[in-house]
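# Remarks on the overall topology
Each chain, letter by letter, is given below.
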Amino acid sequence: MAGRINDDDVKAVRDAVPIDSVVSEYLQLRNAGGGNLKGLCPFHDEKSPSFQVSPGKGLFHCFGCQEGGDTIAFVMKIDHLSFSETVERLAAKAGITLRYEEGGYNPSHQRGERIRLIEAHQAAADFYVRALESPEAEIGRKFLAERGFDQDAATHFRVGYSPAGWDHLTRYLRGKGFSDKELITSGLSQDGRRGPIDRFRGRLMWPISDTAGEIVGFGARKLRDDDNGPKYLNTPETPIYKKSQVLYGIDLAKKDIAKASRAVVVEGYTDVMACHLAGVTTAIATCGTAFGNDHIKILRRLLMDNGSARVIFTFDGDSAGQKAALRAFEDDQKFAAETYIAIAPDNMDPCDLRLAKGDDAVRDLVEPRTPLFEFALRQIVGRYDLETPAGRASALDEAAAVVAKIKTSSVQREVAVQLAGFVGILDQEFVVHRVAQLARWSRDKGGDGRGDARGGRGPGGPQDRRGGAPQQAVQASTAPSGPALNLRSPAHRTERELLKLALQKPALVSPAFDAYGADEFTAPPYAAVRQCIAEAGGAERGLGDNREYLVAVMDAAPNNTVRSLVTELAVEVFMGRTIDETYAGMQLVHVRLRAVDRRINEVQGSLARLGSNVAPDDLAAAQNEVWVLQQYAQSLRARGADAL
């Protein structure tokens, strides 16, 4: 059994891999001010970015769903890895060799399942690439050449070939130390009568990578007439490959998709190759399944749903392509981007178009022209005879039901007006009314009735203009007993600012802050964070390695709720414009002064309740305490932070 990873090595990994570079592999980040970055949260659906990353602190936090932590926590969450698997992956990225407390240096059999399966796929990809150079693979090279792809293209996309024998890859991977169980689990091999055999045989192979660029599966194209399998055969569902959650080419296209706020969705592997070689480097494709919700989530995180974002679908003009377009239109509103459709002349796909008319024709094809909603509605309307009243009525009924699904009222009205023109109904307001009526009926029957699907701000949105977290996010973090946090409360607002200072700028509040007790914080969640800071060594510890300090505070948290609040406070912007010693002193004074006033009221209240039943010595002690506290309060009001 492997021992635990050496603590110094964990720290080295955490420090060596910048959190923004890791998060950027999964979503687009933009400047959020104050040294922070923001993007659409990968852990929950949202219309506006509430996910923040603080590169200087090595932390992330979502103000919508409350997920937060450091680089290791992010990778663990998004890729469903164990702590050890995550540290091993990041260590490999940083070139750090890990030590284990109970002996040995990172032996391969100690690695987690995901890492082993990824390594098996990497080894398989290398094997397939070399096999493409073999005499047997001439048929595969000819297939590529006939479609306009030379050796450089094959190398760029890591296209390979799976030998036609029963177990060439299986024997190769066994020699690399992979067990039969790992090969079956990976989907690279399958059970045969005498043991594992290769799943892919005699086919052209495309590696399928996830957003982080790790190979998780393969797409295999039939080459021979005696191959009785399907034209395309993909990796089956495995612990690392979910066909509804992968997009071929996303590893190559993601940077340009984010940069250009544009994505081109094509249908096949060769179409992606053709687009990229023609200069359309934002092209991606689904892998043997329809474009669906999970694919949309991947693209939305890269596009950031800004107003200029564009998604262009290239479907064949045949009936199957039309059906695909209608399915895509049903999901259209899940984008905040504008969606378009591109159909090449003679229904050619991008690969055929490039062969026939060159790179310029491919680039011209994907220039946005026809909005997807217009294409979809024309497909519906085109099935009816619009020369007759009955035909127009039937076309309107079917198409209006589709338009009624549009959540944004202004967009719904605009599309309804255009629908009137498609159908040939002069009374536009009649069509608008019909669509609105269908929309109301749908909501009354149990529709979700949510607001603007094209970027409207709702619960779980970004920070408000005051710099605090949204009310929903604040209340979500109040698992410790006590009243809900309320940023309208001066006490809660000041306590929050002081904790943010202690976490983000400890030099401004240390050493005074470390003399504050948890009971000086009226909100139980804030008292819990104060206790975590104390257990981590106090704010004074943050004067050294701030990242190490924040990790220690998070480690001291008794549960995920408190840990989430720590990350939230560690990345949230301050309410003040100038954050200096004067500002910090104000927060220290306000929190202490309220605590002193509360204590005075408590003592005076107790004396009032007891009346004449108080012993003389106790009465004198209480009166003296009140006098001392009143003098202290007066000094705080007069001298400010100098009186602390």
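Here is a short report on the structure shown in this document. These numbers come from a predicted model, not from an experiment.

## Thoughts on the overall build of the protein chain
If you tally the helices and strands in the protein chain, you get 27 helices and 16 strands. The proportion of buried residues among the 644 residues of the protein chain is 52%. Partitioning the contacts of the protein chain with sequence separation of at least 6, the portion at a separation of at least 24 is 67%. Here the protein chain displays about 29,200 Å² of accessible surface, and carbon together with sulfur accounts for 48% of that area.

## A word on the side chain of Asp 227
Inspection of the secondary structure assignment puts Asp 227 in the loop between β10 (215-222) and β11 (232-234). At 3.1 Å, the side chain of Asp 227 forms a polar contact with the side chain of Arg 203. There is a polar contact of 2.9 Å between the side chain of Asp 227 and the backbone nitrogen of Gly 229.

## Describing unusual backbone geometry
Look at the link from Ser 510 to Pro 511: it is a cis peptide, with omega at 5 degrees. Here Pro 511 is to be found in the loop between α22 (506-509) and α23 (524-535). At Arg 158, a position not held by glycine, the phi torsion is positive, near 55 degrees. Among the secondary structure elements, Arg 158 is positioned in the loop between α7 (151-156) and β6 (160-162). Accessibility expressed as a relative area gives 28% for Arg 158, which makes it partly exposed.

## Details of the packing of aromatic side chains
Summed over the entire model, instances satisfying the criterion amount to 16 aromatic pairs. For the pair Tyr 26 and Phe 74, a centre-to-centre distance of 5.7 Å together with 70 degrees between the ring planes defines the contact as edge-to-face. With Tyr 26 in the loop between α2 (19-23) and β1 (30-33) and Phe 74 in helix α3 (residues 71-79), this pair connects stretches of sequence that are 48 residues apart. In this pair, the class of Tyr 26 matches that of Phe 74, namely buried. When the ring of Phe 60 is compared with that of Phe 74, the centres are 5.5 Å apart and the planes differ by 80 degrees; the resulting orientation is edge-to-face. Here Phe 60 is found in strand β4 (residues 59-62), whereas its partner Phe 74 is found in helix α3, with 14 residues between them in sequence. The exposure classification of Phe 60 matches that of Phe 74, with both residues buried. Linked through ring pairs, Tyr 26, Phe 43, Phe 51, Phe 60 and Phe 74 together constitute an aromatic cluster.

## As for the sheet that holds strand β3 (residues 51-54)
Two modes of strand pairing occur in sheets, parallel and antiparallel, and in both the strands are linked by backbone hydrogen bonds. Here five strands make up an open sheet; going across it, the order is β1-β2-β3-β4-β5 and the pairing antiparallel. The sheet is open, and its two borders are formed by β1 and β5 (68-70), each paired with just one other strand. On average, each strand axis in the sheet is tilted by 25 degrees relative to the strand beside it, whichever way the strands run. Pairing of β1 with strand β2 (residues 36-39), which is carried by three bridges, proceeds in the antiparallel orientation. Each residue of the ladder has a partner; that of Arg 30, found in β2, is Lys 38. Each of β2, β3, β4 and β5 is contacted by helix α25 (residues 560-571), which is oriented at about 105 degrees to β4, the strand it contacts most.

## Observations regarding the environment of Leu 365
Here Leu 365 lies in helix α15 (residues 359-365). Sequence-distant contacts of Leu 365, defined by excluding residues within four places in its chain, comprise Thr 314, Ala 342, Ile 343, Ala 344, Pro 350 and Leu 353.

What counts and how
Residues numbered from 1 in each chain as written. Predicted model: local features only at pLDDT ≥ 70, side-chain atom pairs only at ≥ 80, totals over all residues. Heavy atoms only, no water. Helix = DSSP H or I, 4+ residues; strand = E, 2+ residues; numbered from the N terminus. Buried < 20%, exposed > 50% of the residue type's maximum accessible area, 1.4 Å probe, protein only. Contact = heavy atoms within 4.5 Å. Areas by Shrake-Rupley, 256 points an atom, 1.4 Å probe, with all protein chains shown as cover. Polar contact = N/O pair within 3.5 Å; in protein donor to acceptor, adjacent residues only side chain to side chain. Phe/Tyr/Trp six-rings, centres within 6.5 Å; stacked < 30°, edge-to-face > 60°. Pairing = 2+ DSSP bridges. Axes fitted to C-alpha atoms, helices over the stretch in contact; angles between N-to-C directions.

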